[in-house]
Amino acid sequence: MSGASAPGKFILFGEHAVVFGKPAFALAIDRRLTVTVAEAERTELNGKPFGAAGNSPYVEECLRRVEPQGHLRLETRSTIPAGSGLGSSAAAAIATLAALDRQGRLREEDDLARAGFEVELAVQGRASPLDTSTVTHGSGILVSPERLSGHLWEVRRGEKVWNLHHRSIPEADFVVGFTGISAATGPLVAMVHERAAREPKVREAIEEIGELTLAGVDALQHERFEEVGELMERNHALLTLLGVGHERLDALLRAVKPYALGAKLTGAGGGGSIVALTEKPDKAAEAIRAAGGTPIPVRLSREGVRRHG
Ligand code: PMV
């Protein structure tokens, strides 16, 4: 038997803009998805045959790509709530690829992160390498078109180049609030793409998100938390302009406002989750619950992918 696990993540700045090659920043969290692999009579995923309804398309895509010899039984366990924008799909892709990698072809973090990105692309149609790189490496990952300090690796796709950089994690409290609405990432990304092609103000918003991401990461690294909070608020307004907001997200943001330095949607939007930077995490969590959301306590994590067996 072999296995691997990968953390979840949340995006602090730059979701959606990153698909257009702009800067974005994500942080790994201490919730993890674990995949174990064992020899079997037929290929199974959590007791169901390959291709059965309800199977993770990310795990199945990994199996399709790796083409393991013989049949395998895969089991997944997770403390990352699925569909909440906390990176369960990226963690599923990375943990599965690492667990299936018996020959060590994906031993290097960059090879594994690239392979995971290809899996996300195949399943979603469009994606950025931010999530898969963050859950592979852990800590904070800044992606940008330029090469900056702390450079880890680059990912290319056609004309686009994403440079991935390590950033240390701050001593700060974040609380995530899940709306209970799971919106698929692929269609939201496609919708933003169509709007950007038609509307100059959407293209301007994408540009501004890229700029505020770099300012936000600098503020975070230097512990200027009020500035981080303000930039989170601005980022949320711009995401709403892109069309990925939701009234449930705004209800959670209103509820958490008295206890937060700043808050925004995190991930693809259209539902999903908010993330708040707060000095009063318990009160922020209570406010999220009182407004009908599910508070998800998260701690930042240095650890990325872990292999066992
Ligand atoms: O739904 P999530 O948390 O995987 O976030 C998607 C983030 C996007 O920028 C919208 C897409 C991407 O692949 O970066």
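Scroll up for the structure.
Residues numbered from 1 in each chain as written. Predicted model: local features only at pLDDT ≥ 70, side-chain atom pairs only at ≥ 80, totals over all residues. Heavy atoms only, no water.

Here we look at the overall build of the protein
Okay, step 1: Secondary structure assignment for the protein yields nine helices and 13 strands.
Okay, step 2: A globule of 309 residues ought to have a C-alpha radius of gyration of about 19 Å, and the protein, at 19 Å, matches this closely.
Okay, step 3: Each of the 309 residues in the protein was classed as buried or not, and the buried ones make up 55%.
Okay, step 4: Restricting to contacts in the protein with at least 6 residues of sequence separation, those with at least 24 account for 72%.
Okay, step 5: Of the roughly 13,100 Å² that the protein leaves accessible, carbon and sulfur atoms contribute 47%.
Okay, step 6: Between the centroid of the 37 positive side chains of the protein and the centroid of its 40 negative side chains there is a distance of 3 Å. (Helix = DSSP H or I, 4+ residues; strand = E, 2+ residues; numbered from the N terminus. Rg over C-alpha atoms; globule rule 2.2 N^0.38 Å. Buried < 20%, exposed > 50% of the residue type's maximum accessible area, 1.4 Å probe, protein only. Contact = heavy atoms within 4.5 Å. Areas by Shrake-Rupley, 256 points an atom, 1.4 Å probe, with all protein chains shown as cover. Lys, Arg positive; Asp, Glu negative; His and termini not counted. Charge placed at Lys NZ, Arg CZ, Asp CG, Glu CD.)

Description of the sheet that holds strand E10 (residues 260-266)
Okay, step 1: Spatial ordering of the open sheet is given by E10-E11-E9-E12, a layout of four strands whose pairing is antiparallel. With partners counted over all chains shown, the strands left at the sheet margins are E10 and strand E12 (294-298), one partner each. Taking the axes of each pair of neighbouring strands and ignoring which way they run, one obtains an average angle of 25° across the sheet.
Okay, step 2: Two elements, E10 and strand E11 (residues 273-278), share six bridges in a ladder whose sense is antiparallel. Across the sheet, residue alanine 260 finds its bridge partner in E11, namely threonine 278.
Okay, step 3: Strand contacts of helix H9 (residues 281-290): strand E9 (173-178), E11 and E12, with the helix running at about 10° to E9, the strand carrying the most contacts. (Pairing = 2+ DSSP bridges. Axes fitted to C-alpha atoms, helices over the stretch in contact; angles between N-to-C directions.)

Considerations on helix H4 (residues 130-137)
Structural remark: α-helix, 3.6 residues per turn; residues separated by three or four positions point the same way.
Okay, step 1: Burial of H4 is extensive: eight of the eight residues sit out of reach of the surface.
Okay, step 2: Buried residues of H4: Leu130, Asp131, Thr132, Ser133, Thr134, Val135, Thr136 and His137, and no others.
Okay, step 3: Positive phi shows up at glycine 138, right after H4, with a value of about 85°.

A short note on unusual backbone geometry
It is generally the case that most residues other than glycine have a negative phi and that most peptide bonds are trans.
Okay, step 1: Positive phi, normally seen in glycine, also occurs at histidine 16, with a value near 70°.
Okay, step 2: When you line up the elements, histidine 16 lands in the loop between strand E1 (2-13) and strand E2 (24-40).
Okay, step 3: Look at histidine 16 and you get buried, because its relative accessible area is 5%.
Okay, step 4: Even without glycine at this site, asparagine 46 takes up a positive phi of about 50°.

Details of the environment of serine 56
Okay, step 1: One can find serine 56 in the loop between strand E4 (48-49) and helix H1 (57-66).
Okay, step 2: Note on serine 56: relative accessible area 24%, which makes it partly exposed.
Okay, step 3: For serine 56 and leucine 45, which are eleven residues apart along the polypeptide, the C-alpha to C-alpha distance reads 8.5 Å.
Okay, step 4: When residues no more than four places from it in sequence are discounted, the contact partners of serine 56 are Leu45 and Ala92.

As for the packing of helix H6 (residues 200-221) against helix H7 (residues 225-242)
Okay, step 1: Interhelical geometry of H6 versus H7 gives an angle of 160° and a closest axis separation of 9 Å. With respect to H7, the axis of H6 lies roughly antiparallel. Considering only the axes of H6 and H7, their crossing is left-handed. Taking contact as the criterion, the partners of Lys201, Val202, Ala205, Ile206, Glu208, Ile209, Leu212, Ala215, Gly216, Ala219 and Leu220 in H6 are, on H7, Phe225, Glu227, Val228, Leu231, Arg234, Asn235, Leu238, Leu239, Leu241 and Leu242.
Okay, step 2: For the contact of H6 with H7, the class distribution of residues is 15 nonpolar, two polar and four charged. (Parallel < 35°, antiparallel > 145°, perpendicular 65-115°, else oblique. Left-handed = near helix turned anticlockwise from the far one by under 90°. Nonpolar A, V, L, I, M, F, W, Y, C, P; charged D, E, K, R; others polar.)

As for the site of the ligand
Okay, step 1: Around the ligand, 14 residues are found, and the nearest of them are Lys9, His16, Ser128, Asp131 and Thr185.
Okay, step 2: In the environment of the ligand, an oxygen atom lies 3.3 Å from a nitrogen or oxygen atom belonging to the backbone of glycine 85.
Okay, step 3: A class-by-class count of the residues in the shell around the ligand yields six nonpolar, five polar and three charged. (Near = heavy atom within 4 Å. Polar contact = N/O pair within 3.5 Å; in protein donor to acceptor, adjacent residues only side chain to side chain.)

Re the pattern of salt bridges
Okay, step 1: Applying the stated criterion across every chain, the model contains 22 salt bridges.
Okay, step 2: Its salt-bridge partner being arginine 224, residue glutamate 227 comes within 2.8 Å of it at the nearest N-O pair.
Okay, step 3: Among the ionic pairs, glutamate 233 bridges to lysine 257, the shortest N-O distance being 3.8 Å. Within this pair, whereas glutamate 233 is found in helix H7, its partner lysine 257 is found in the loop between helix H8 (247-256) and E10, the two being separated by 24 residues in sequence. (Salt bridge = Lys/Arg side-chain N within 4 Å of Asp/Glu carboxyl O.)

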